[in-house]
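# Working through the structure, step by step
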Amino acid sequence: GTFGGNPVSCAAGAATIRVIIDERLDINAKERGYQILKGLKEIQAEFPDIGDVRGLGLMAATEFVKNDESKSGYEPDPDIVNAVKSEAVKQKLLLLSCGTYGNVIRWIPPLIVTEKQINEALSIFRDVLKKITS
């Protein structure tokens, strides 16, 4: 049951915590998360379709908007998210969408992700945006 302290589940949980500590996955998540956010903010500076970049650790979000000055503000843009996801898959980068309006790309790599893999993903993302927005 859920309240019984199942020994197998407790052993699995304890083993998972040992791996996180021994392999310093918490530190990797912090460092790679910083790398993702820094890279996404640099990309945001190049592409006005990105309205916001936010996150914590290895969970980051890139929000896409239409800049419509006639409506005095920004409007969610799920169409570009769908186009980015489709093109990214062709380049072997899997991205998820989320958000109330479907206009956010969620970045959730595994705890074991490397610096090289993050750099590669950011490079593909930038290339996809260049292709989609040109």
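Attention here is on the structure that accompanies the text. Just so we're clear, the structure is a prediction, and the values are computed from it rather than from any experiment.

### Re the pattern of salt bridges
- This structure, assessed with the given rule, holds 8 salt bridges.
- R32 serves as the salt-bridge partner of E31, at 3.9 Å between the closest nitrogen and oxygen.
- By relative accessible area, which is 41% here, E31 ends up partly exposed.
- On the accessibility criterion, R32 (12% relative accessible area) is buried.
- It is possible to trace a salt-bridge network through shared partners that takes in D52, R54 and E63.

### Considerations on the nonpolar core
- Membership of the largest hydrophobic core comes to 27 residues, with the highest contact counts inside it found for W107 and F125.
- By residue number, the principal contributor to this core is helix α4 (residues 115-133), which donates 7 residues.
- If we skip the residues at most four places from it in the chain, W107 touches L40, L58, M59, A60, T62, L93, L95, A121 and F125.

Here is what the cut-offs are and how they apply
Residues numbered from 1 in each chain as written. Predicted model: local features only at pLDDT ≥ 70, side-chain atom pairs only at ≥ 80, totals over all residues. Heavy atoms only, no water. Salt bridge = Lys/Arg side-chain N within 4 Å of Asp/Glu carboxyl O. Buried < 20%, exposed > 50% of the residue type's maximum accessible area, 1.4 Å probe, protein only. Core = buried A, V, L, I, M, F, W, Y, C linked by side-chain atoms within 4.5 Å. Helix = DSSP H or I, 4+ residues; strand = E, 2+ residues; numbered from the N terminus. Contact = heavy atoms within 4.5 Å.

Spatial relationships are all this shows, so hold off on functional conclusions.
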